[in-house]
Each structure stands twice: as structure tokens, then as C-alpha cells.
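Close look at the chain arrangement
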Amino acid sequence: MTPTTASAKATRTKGTTTSASKNQNPLHTPIIAWYEANQRDLPWREPGCPAWHILISEIMLQQTPVVRVLPIWREWVERWPTPADLAQASPADIIRAWGRLGYPRRALRLHAAAQAIVEKHNGEVPSDHAELLALPGIGSYTAAAVASFAFGQRHAVLDTNVRRVFARTVTGIEYPPTAVTAAETKLATELLPEQRAHVWAVAVMELGALVCTARSPKCAECPVSQQCAWRLAGSPPHTGPARKGQAWAGTDRQIRGALMAALRSSKEPLSHPQLVIEVPDSALRDPNQRSRCLSGLIEDGLVEPLPGDHYQLPA
DNA sequence: CAAGCGTGGGT
DNA sequence: TACCCAAGCTT
């Protein structure tokens, strides 16, 4: 690995007025201490891990569990160690290497991000939050995460884990709102310590991932259970509308997944009849849905149509 | 801005 | 067994 980055590049200047121990919210010390003792040994957290490799991990981890990301991430950083390497790869290779991680449009966006990094940033992952945010597939969370974890900067990193930890410990509710609210962003910003904010960010995330979990939180192991507003309120259950689960059976999403799985595993272009065999019964009975999904995949750049009603992954 | 977008393990 | 949900982004 080429250590082009790391916390050493922290752009923030060191403490000015307040000392680290003074005037900070009471969650900081116990959560960071807990993190130092309990953090997982993840490869993208190793010192000197290149910003590009960290960026890859963040994209892969969007809505995807760590255990599923690990082997694919290792394959990618070895195969495409720099943005320039990925920028030159073919979509078909990238989509196949993405495997069954899910949401394959992420792979395409990462490809596009690599090309933008080559063309606009001289092949180096930008450290500026706004420049990160402008890259394809990078939104508010990922921009803050890369700026924090790859460059040691100070940003409010608000992912689903952090939102849940703050909802419970500070706001006193079991689950955060469906969508990120201005109040949550404000709170996360206010809680940001002056020093080592990137450590605070990853520590809160880790606490949410390992202890303050969505279901069956391990409060007995929590370093801040004694000051958790939700616990102190008697752990009241979530009120309000039930969070709607994602439909799956019979949806376009299922059909798209089946079509992509068929095309990934085939070395040759597939005819339309061959594709039909691969999709679930629900779509067999609905040619409209099939064609809609295929068109959508082509529109997304995930499938390339060939003459004679054949299809393949984009060359 | 709510809906759409994959996949598979946990409970 | 059926949900639930996992380091979100885009339109």
C-alpha cells in the first residue's frame, strides 16, 4: 500500500482556547476510552491506509455489513490500488468484481468517481469536503467520513449508528427519525470535540455498531449507560409510525437482481429467452415488468444491449 | 422529499 | 417463519 494519507495530514490546527478535558460533553471520554479498548481490527483503519482505499470501503459499506465487504474490499484494493487503475477498468470487470454486494450502481459510481479524481484532482483523492461531496456516489455522510478518517479533519459524521447513539443517549428516544433532520445535524455538530474529532466520530460509530445496536442493545456493556437519556427514561419503546421495511418479493428490485446475477455469471452475451429463464416466476408472468427492468438496467449503464436481442455487461 | 435501489444474515 | 436491517445516495 502507498501511504499517501493518514491522520498526519490533519489540516486542523491544534488547540487554541479550551483544553481537551475541559468543557466537553460527558460522553466524550467514556466513549473514546471504550473505543480504544474495543475497536474492531478493520484493515481500512490501519495507519497509512491510502485515502483511496478508505473511500472504497466507505462506498462498499453503504447499507452493507462489514463482514460482507471485507473480502471484496481486499480484492479491489489489490486489483485497483489507485484511482487511475480503477478509472481504466471496464464496467463489466467492475460489476463482476462487485459480486453480490448489492446496489451495483455503487460500483459504477465509484468508477466514475475514480475517473473524476484522475481528471480533476490529478489522481489524488481530494481532502476537501466540498470536493469530495461533488464526486459521484458521495453524499453527506461519505464526504464527512473520508475527510475525517483519511485526512483527520473535523466534521460531523452522521451515519445510522451515530444517529441511533445520539437519539438514545441525548434525545432519549429509541430510534432516530426516518430522514436526517436539521436538529440532528446541529446536535452532531455541537457534540464535536475540538481535538481528535475524527476519533470521536469513529468511536461513536463503533459503539452504535457493536453495543448500541438497533435491536437488543447491549446496555450492560455500554460505557455511557448511566447517562443515557433513553435508559434513564425507562427505555420507552419507539412511538410513531412503524418504519416500513423494504418490499422484495415480486419487486423490480428482485427482478433486476436476478437479471444482473445471470449476466455476471455468463461469459457470453445472453439472449432475451435465456434471461427470462433466470428471473423469478413473478416476472415470467409479467413481461412488462421484465422489459421495464431490463430498460432500467440499460438506462443505469449496468447492461449493454446488443443487436439481435442479446445483452451483456457493458464492455 | 419520499421512493427506489440488492443482498443475505440475525432474531 | 417473516420480518428487520446494514458505514446512503440519487432523483
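Residues numbered from 1 in each chain as written. Chains lettered and ligands numbered in written order. Predicted model: local features only at pLDDT ≥ 70, side-chain atom pairs only at ≥ 80, totals over all residues. Heavy atoms only, no water.

**So, the protein's contact with DNA strand B**
In the vicinity of DNA strand B lie 19 residues, with Arg68, Arg100, Pro104, Arg253 and Arg256 positioned nearest. Put simply, 57% of the atoms of DNA strand B that lie within 4 Å of the protein are in sugar or phosphate. Separating a base nitrogen of DNA strand B from a backbone N or O atom of Gln63 is a distance of 3.2 Å. Secondary structure elements with two or more residues in the surface near DNA strand B: α6 (105-120) and α13 (252-265). Top element by residues in the surface near DNA strand B is α13. It accounts for five residues. Grouping the amino acids of the surface near DNA strand B by side-chain chemistry returns four nonpolar, five polar and 10 charged. (Near = heavy atom within 4 Å. Polar contact = N/O pair within 3.5 Å; in protein donor to acceptor, adjacent residues only side chain to side chain. Helix = DSSP H or I, 4+ residues; strand = E, 2+ residues; numbered from the N terminus. Nonpolar A, V, L, I, M, F, W, Y, C, P; charged D, E, K, R; others polar.)

**Remarks on helix α8 (residues 140-149)**
Since the α-helix advances by 3.6 residues per turn, residues separated by three or four positions end up pointing in the same direction. Counting buried residues along α8, nine of its 10 residues qualify, which places the element largely inside the surrounding structure. Within α8, burial applies to Tyr141, Thr142, Ala143, Ala144, Ala145, Val146, Ala147, Ser148 and Phe149. For α8, the elements touching its buried residues are α2 (51-60), α7 (129-133) and α11 (197-210). (Buried < 20%, exposed > 50% of the residue type's maximum accessible area, 1.4 Å probe, protein only. Contact = heavy atoms within 4.5 Å.)

**Here's the deal with the nonpolar core**
Trp52, Met60, Trp76, Val125, Phe149, Phe166 and Trp200 are the most contacted members of the largest nonpolar core, which has 71 residues in total. Ranked by the residues each element gives to this core, the list is headed by α11, at nine residues. Residue contacts for Trp200: discarding those within four places in its chain leaves Leu27, His28, Ile31, Ile32, Phe166, Leu191, Leu192 and Pro193. In this structure, Ile255, Cys293, Leu297 and Tyr311 belong to the second largest nonpolar core, which totals 20 residues. (Core = buried A, V, L, I, M, F, W, Y, C linked by side-chain atoms within 4.5 Å.)

Any functional reading would require information that these geometric values do not contain.
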